[in-house]
Each structure stands twice: as C-alpha cells, then as structure tokens.
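A closer look at the structure
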Amino acid sequence: MTSEPHQQAIRPVGAPPVGTAARAARRDAEPVTPAPPAALHVVHDTDGVDLSAAETAARQFLHALGVRTDNESMRGTPGRMARAYAELFSPRAFDLTTFPNDEGYDELVLARSIPVRSVCEHHLLPFVGTAHVGYLPGRRILGLSKLARVVEHFACRPQVQERLTKQIADWLQAQLDPQGVGVVIVAEHTCMTLRGVLATGSTTVTSSLLGLLRHDPRSRGEFLALTGVTA
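Residues numbered from 1 in each chain as written. Predicted model: local features only at pLDDT ≥ 70, side-chain atom pairs only at ≥ 80, totals over all residues. Heavy atoms only, no water.

**Remarks on the confidence of the model for the protein**
Short version of the rule: One confidence number per residue, pLDDT, is output by the predictor and ranges from 0 to 100. Only heavy atoms enter the contact rule, under which two residues are in contact if any of them lie within 4.5 Å.
Across the protein, the average pLDDT comes to 88, with 82% of residues at 70 or higher. For residues 1–11, every residue scores under 50 in pLDDT, and the model assigns this stretch two contacts once sequence neighbours within four places are set aside.

**Things to note about the nonpolar core**
Stated formally: Buried residues of nine kinds, namely Ala, Val, Leu, Ile, Met, Phe, Trp, Tyr and Cys, make up a nonpolar core once their side-chain atoms join them within 4.5 Å. Between buried and exposed lies partly exposed: a residue is buried under 20% and exposed over 50% of the maximum accessible area for its type, with that area taken using a 1.4 Å probe on protein chains only. For helices the rule is a DSSP run of H or I covering at least 4 residues; for strands it is a run of E covering at least 2, with both sets numbered from the N terminus onward.
Counting residues in each nonpolar core, the largest one holds 30 residues, and the members touching the most others are Val133, Val150, Leu164, Ile168, Trp171 and Leu172. The set of elements that each furnish at least two residues to this core consists of strand E2 (94–96), strand E4 (109–120), strand E5 (126–136), helix H4 (145–155), helix H5 (161–176) and strand E8 (180–189). With residues near it in sequence (within four places) discarded, Trp171 still touches Leu40, Val42, Phe94, Leu96, Val150 and Phe154. By size, the runner-up hydrophobic cluster in this structure holds seven residues, among which are Leu108, Leu136, Val184 and Leu213.

**Examining a nonpolar patch on the surface**
How we decide: Each patch is built from salt-bridge-free residues with over 30% relative accessible area, joining like charges within 9 Å and nonpolar side chains (Val, Leu, Ile, Met, Phe, Trp, Tyr) within 5 Å. Here the Shrake-Rupley method, with its probe set to 1.4 Å, supplies the accessible areas, and only the displayed protein chains count as covering residues. Just to be clear on terms, a salt bridge is a Lys or Arg side-chain nitrogen sitting within 4 Å of an Asp or Glu carboxyl oxygen.
A contiguous nonpolar patch, built from Phe61, Leu65 and Val67 and spanning about 280 Å² of accessible area, is present on the exposed surface. As for its placement among the helices and strands, Leu65 is situated in the loop between helix H2 (51–64) and helix H3 (77–88). A residue is classified by how much of its surface remains accessible, and Leu65, at 57% relative accessible area, is exposed.

**Some remarks on unusual backbone geometry**
If you check the backbone angles, Leu124 has positive phi at about 55° while not being a glycine. For Leu124, a relative accessible area of 36% corresponds to the partly exposed category. Of note in this structure, Asp177 is not a glycine but carries a positive phi near 50°. Summarising the element assignment, Asp177 is placed in the loop between H5 and E8. Of the residues examined, Asp177 reaches a relative accessible area of 52% and is grouped as exposed.

**Some points on the pattern of salt bridges**
Going through the model one piece at a time under the given rule, you end up with five salt bridges. For Asp70, the salt bridge goes to Arg68, with nearest N and O atoms at 2.6 Å. For Asp70, a relative accessible area of 47% puts it in the partly exposed group. The shortest N-O distance in the salt bridge between Asp170 and Lys166 comes to 2.6 Å. Residue Asp170 and its partner Lys166 are located together in helix H5, separated by four residues, close to a single helical turn. Residue Lys166 is classed as partly exposed on the basis of its relative accessible area of 48%.

Here it is as structure tokens:
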C-alpha cells in the first residue's frame, strides 16, 4: 500500500503564521477598557515669595505705625509676621483622585462643616468659618478628602467670600463634570467684628449652585436642607 505524500502548506514570504490574522481579528473585536485618567496634581504657584523682603517690609510697616521692634519680645515679630502670611497664602499641594462611578450612584454627596480660613483682600484680616460642599455624581466620583483640599486651595490667598464660593463650585464642575455642584460658606469676618462697625457675632452666608442643584427644586431643597440653610 502506497502512502500519500505529505502535503506541506505554503504561505508567501512575510505572511503571518496561520491563525495569527484570526487571533488579531478577535483582539480587535474585544472591547478595550480605557485607562483611568491620571490624577490631576494641583500645586499653588509660589514664585515670587521672598520672606526676607517681607520681613523687612513688616518691620517698616510696624515702625510706620509707631510700634517698636527693638525689645526682646518684638524683635522677631516682623519675621513671624512674614512667615505667618506666607503660610496663610500657601495651600498644600494635592492630587485630585477620582474613581469610576461603577454602581451609577446618582444621589447627593455632601461634605459638611469643612473648616475655612482665609484673608479678606480689603483689610488683610482673617475670616473663618465652615464650608458645605456637595455634588451629584456623573461618570466619576471624587475622593472625599479632596473636597476639603479644594476649599483650602482657593481659600489660601487674599479673597472675598463671594468669589471663593464660586471658584470652588466652578472648579469642581469643570474637573468632575457632575450633574450638579453646590457650595455654601458661612464665615465670620474679623474686618467686621474687630474694627469698623464692630459687629461681633455676625456671620456671612454665600452659596453657589450649578446644574441640577440650581435648576431642580427638589435637588436644590435637599442640598440646602442638609447644609442647614433654609431653602
């Protein structure tokens, strides 16, 4: 019995091995999971900070007001003033970490009573209080501590409360693309309580509402009720 000669498959030079094209086609057909977005590293610009010049200016400022700095208690005060204001104007860097909203959570996320400390740009006196910051998630959710970081980032500079409130809300809206953002700040301004009108105990309330928290009455009412502010 004569055996059949072995038939060897012939493929052109440079052609992929048998099955390679099919495997590549299957890979192309498989859904590709997108890589998670890189965390945004938020850093305050400290260029131009000159503590030595600030100390000299602080000493001249005190002298111009008749305050002597040549005794043991006051000798280091100009330097302490310079470092204190540099700290007040220098927020800490942070990474804006977000995560996929896998479960499709679409209810309010609210961080209440976040401490606020800032400096009134009109008198360079502090104002302090609390911020309530919330959002209705879209495709991504935010690490909760970052809400406090964002408040600090915009508060650590000469500010007015109205602008501070809106900057926080606008920035979160731009970075997260949520369904809505709400920010309420309640603060005491020492430029009102320690000087001028001397309105001891008075507080100022500002709010900024975007998206559904502005346009949907029920969402707006829920947010304001949870912050303790009457709708």
